Amino acid sequence: MSGWQTLTGSAIALPEANIDTDQLIPARFMSQPRSAGYGGFLLYDARQANPDHPLDRHAAKVLVAGRNFGSGSSREAAVYALVDYGIRAVFAPSFGDIFAGNAVNNGLLTAQIDDDVAALLMARMARTAVAAQIDLGTGRATIAGQDIGFDLDPVRRQKLINGWDDIDLTAQYSNRITTFRAAHFAAHPWAMPTS
Amino acid sequence: MTVARSLLDKLWETHEVLRRDDGTSLLWVDRHLVHEGSHHGFAKLAARKMALAAPELTFGVVDHYAPTRTGDVAPDIRRMIQTLGENARAAGIRLFDLHDPEQGIVHVIGPEQGLTLPGLLINCGDSHTSTHGAFGALAFGVGATEVTHILATQTVWQKRPKTLQITFDGALGAGVTAKDMALHWIAALGADGAQGFAVEYAGAAVRALSMEGRMTLCNLSIEGGARMGLIAPDDVTFAYLKGRRFAPAGAAWAAAVADWRQLHSDGDAVFDRHVSMDASAIAPTVTWGTSPEDALPITGHVPRADGGKDIRATLDYMGLDAGMALTQIAIDQVFIGSCTNGRIEDLRMAAKVLAGRQAVVPGLVSPGSALVKKQAEDEGLAQIFVQAGLEWAGAGCSMCVGMNGDLVDAGKRCASSTNRNFKGRQGRGARTHLMSPAMVAAAAVTGHLTDVRPMLEGRT
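Keep in mind that what you see is a predicted model, and the values were worked out from it rather than measured. (Residues numbered from 1 in each chain as written. Chains lettered and ligands numbered in written order. Predicted model: local features only at pLDDT ≥ 70, side-chain atom pairs only at ≥ 80, totals over all residues.)

As for the overall build of chain A
Thought 1: Looking only at helices and strands, chain A features 9 helices and 7 strands.
Thought 2: Principal-axis analysis of the C-alpha atoms places the extent of chain A at approximately 60 × 40 × 30 Å.
Thought 3: Here the analysis covers contacts within chain A between residues at least 6 apart in sequence; of these, 72% occur between residues at least 24 apart. (Helix = DSSP H or I, 4+ residues; strand = E, 2+ residues; numbered from the N terminus. Contact = placed C-beta atoms within 7 Å.)

Structure, rendered in structure tokens:
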């Protein structure tokens, strides 16, 4: 996966709280292989219910959403749907923990902003697509002409910028893992399943 | 002088292979549980031409797509089950396949088989992995990239969460359960209230819970935002585990219990946050909206406004009027089951309400595992459900998530013992009200949301 540091594109607002991963991709699509592309499944039911849905009016790269975005199920398919649609960054007051971890593993930024900043942006954006610029290095973005700071765990920031792959990273520690494993089961023999 | 440590501290230290300068830990994984949804992880591993690091610590189970009724199985569902079977055989892992007599929901059979033990680190590509924390295990859900990493290395990168202790003092009233405790705290703190925290549950009302109740409580931690829930193991835990298939036996059992008795937060351990709740003040609780935080005592009313939050869209989706009594909400059907409330004690409580009574709406009862199903049939519970007019089905995730085709139709309202009332969770346009199995049974009898407590009077 390639990393990224700056991004320019259009942003739209989804002014709702608790957009959970069941909404981001309904379960019935999850038996599809990734190669099929997941972008069409993104917020499928919400888009079906609203033919004028912002995702269908604009080709956005950035979302601004309400609190607790990506809560619920651990399905990484929710991130696949966002990324395959073309979304590279989501700004919200809070994110589901598992979703945020999945996001960084797929190059998707989860930028945490204050409630009042989210409200301000949503008021400015309304139903229109606006210009957005993001700089991971400085932790700042300009959305709808508004310069804002966002919070991002430094580890995740580095991972996004470098496009690190955890399995490659972990390979350098394989000897330590082997040693740990032996000591762990020697100290806790009951931890090995019996039959 | 030793530094006082929390249960999380102890579990973390036991599994930390190393910690990077940036504070991220590489943790050893004792048990990795996979299911049909893990196909992304196996595909990613195959694409890298890598093999499993520890097949002896990896266990597979068919649950999310498991058909629970007889009849034709849709081709894509059959394919998901077959793919898991192929991946499991190729990787050399023990699989609890569809017709295995010990098949069931991953978070039901893990404990049932003794694969779940205090002091272990357990991962699964499912957010309700927090369930296993009821045993004092460090257990949390992971995504597909992390599943791949665990398959490849038997380790997981994780930053240590902060600690939140939730204490439930006092005793629960009759007809009030662990489900009500969970919905109560989630309503109070919010569905993102515990994000970034591991929750440790403590207090007299938690100690008084059976293992089934503790699993329900820890299971729902993720609905309050916490990836992990924890309860210190005690004699109740050990009694549950003794003699289970994969649990230690003989001398190893004694050594294990001696280790496990150390797994508790020290008396003066410091938590990042502490919240106290009065268990005796908790009523049977139901959800009215589309987030688990939208929960109220059954004696309450559908809110008019929720702290400034615009609830019109929610009430619209749910087809409810602001201000109506919760007990006025008429239902179309019921569901009893899931990793939250599909265990034997859950079925016993529902059956206690239903015995000698008739359901006035249709409903499905799906036990959490094939062993739970057999036990319920042996105890006569299945007959009570059938005589009440409910359908007695096979074991799996079933109508909690609808992947196997057990769906609630659009616009229909379901009283459900499950964990998520999200829009579309039980089916496109489905309306879900979460509650305990006893409350689901009460709703089945009356046809509307109902306080179960009077219906339990005189029944022991």
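Next comes the rest of the description.
Quick look at the interface of chain B and chain A
Thought 1: Listed per partner, the contact involves 56 residues of chain B and 42 residues of chain A.
Thought 2: At the level of elements, strand S1 (16-19), strand S2 (24-28), helix H3 (75-91), helix H5 (144-153), strand S8 (155-159) and helix H10 (251-260) of chain B are the ones that each hand at least two residues to the side of chain B that touches chain A.
Thought 3: Classifying every residue of the side of chain B that touches chain A by side-chain character gives 22 nonpolar, 19 polar and 15 charged. (Nonpolar A, V, L, I, M, F, W, Y, C, P; charged D, E, K, R; others polar.)

Side note on the sheet that holds strand S10 (residues 197-202) of chain B
Hydrogen bonds along the backbone pair up the strands of a sheet, which may run parallel or antiparallel.
Residue and element names in this part refer to chain B.
Thought 1: The 4 strands lie next to each other as S11-S10-S9-S12, forming an open sheet whose pairing is parallel. Looking at strand neighbours, the two that pair on one side only are strand S11 (228-230) and strand S12 (273-278), the edges of this open sheet. Sheet twist, expressed as the mean angle between neighbouring strand axes with direction ignored, is 20°.
Thought 2: Pairing analysis gives 6 bridges linking strand S9 (residues 162-169) to S12, with the strands arranged parallel. Residue pairing in the sheet places Thr167 in a bridge with Ser276 of S12.
Thought 3: Packing of helix H1 (residues 7-15) onto the sheet brings it into contact with S9, S10 and S11, and relative to S10 it is tilted by some 125°. (Pairing = 2+ DSSP bridges. Axes fitted to C-alpha atoms, helices over the stretch in contact; angles between N-to-C directions.)

Let's talk about the pairing of strand S3 (residues 89-92) of chain A
Residues and elements named next belong to chain A.
Thought 1: Of the two faces of S3, the one holding Ala89 and Phe91 and the one holding Val90 and Ala92 are both buried throughout.
Thought 2: Both strand S2 (residues 62-65) and S3 contribute to a ladder of 3 bridges, which runs parallel. Residue pairing across strands places Leu63 opposite Val90, the latter belonging to S3.
Thought 3: Pairing analysis gives 4 bridges linking S3 to strand S4 (residues 109-112), with the strands arranged parallel. Each bridged residue has a counterpart across the sheet, and for Val90 the counterpart in S4 is Thr110.
Thought 4: In this view, the connection linking S3 to its parallel neighbour S4 by way of helix H5 (residues 97-104) has right-handed handedness. (Buried ≥ 20, exposed ≤ 12 C-beta atoms within 10 Å, placed from the backbone. Right-handed = clockwise from strand over helix to strand, strands pointing away.)

Description of the sheet that holds S2 of chain B
Residues and elements named next belong to chain B.
Thought 1: One open sheet accounts for 3 strands, arranged S1-S2-S8; its pairing is antiparallel. On the outer flanks of this sheet lie S1 and S8, each paired with one strand and no other. Sheet twist, expressed as the average angle between the axes of neighbouring strands with direction ignored, equals 25°.
Thought 2: Where S2 meets S8, 5 bridges bridge the pair, whose relative direction is antiparallel. When the bridges of S8 are listed, Leu26 appears paired with Trp157.

A few points about the confidence of the model for chain B
Thought 1: With 99% of its residues at a pLDDT of 70 or more, chain B shows a mean pLDDT of 97.
Thought 2: Quick note on the complex model: pTM equals 0.98, ipTM equals 0.97. (pLDDT = per-residue confidence, 0-100.)

Examining the packing of helix H6 (residues 178-189) of chain B against helix H8 (residues 211-219) of chain B
All names here are of chain B.
Thought 1: Close contact between H6 and H8 brings their axes to 8 Å; oriented N to C, the two are set at 20°. Classified by the angle their axes make, H6 and H8 are roughly parallel. Once H6 is placed against H8, the crossing between them reads as right-handed. Residue-level contacts link Ala178, Lys179, Met181 and Ala182 of H6 to Gly213, Arg214, Thr216 and Leu217 of H8. (Parallel < 35°, antiparallel > 145°, perpendicular 65-115°, else oblique. Left-handed = near helix turned anticlockwise from the far one by under 90°.)

Overview of the environment of Gly319 of chain B
Residues and elements named next belong to chain B.
Thought 1: If you trace the backbone, Gly319 turns up in the loop between helix H11 (312-318) and strand S15 (333-336).
Thought 2: With 12 C-beta atoms counted inside 10 Å, the residue Gly319 sits in the exposed group.
Thought 3: Along the backbone, Gly319 and Arg413 are 94 residues apart, and their C-alpha atoms lie at a distance of 9.1 Å.

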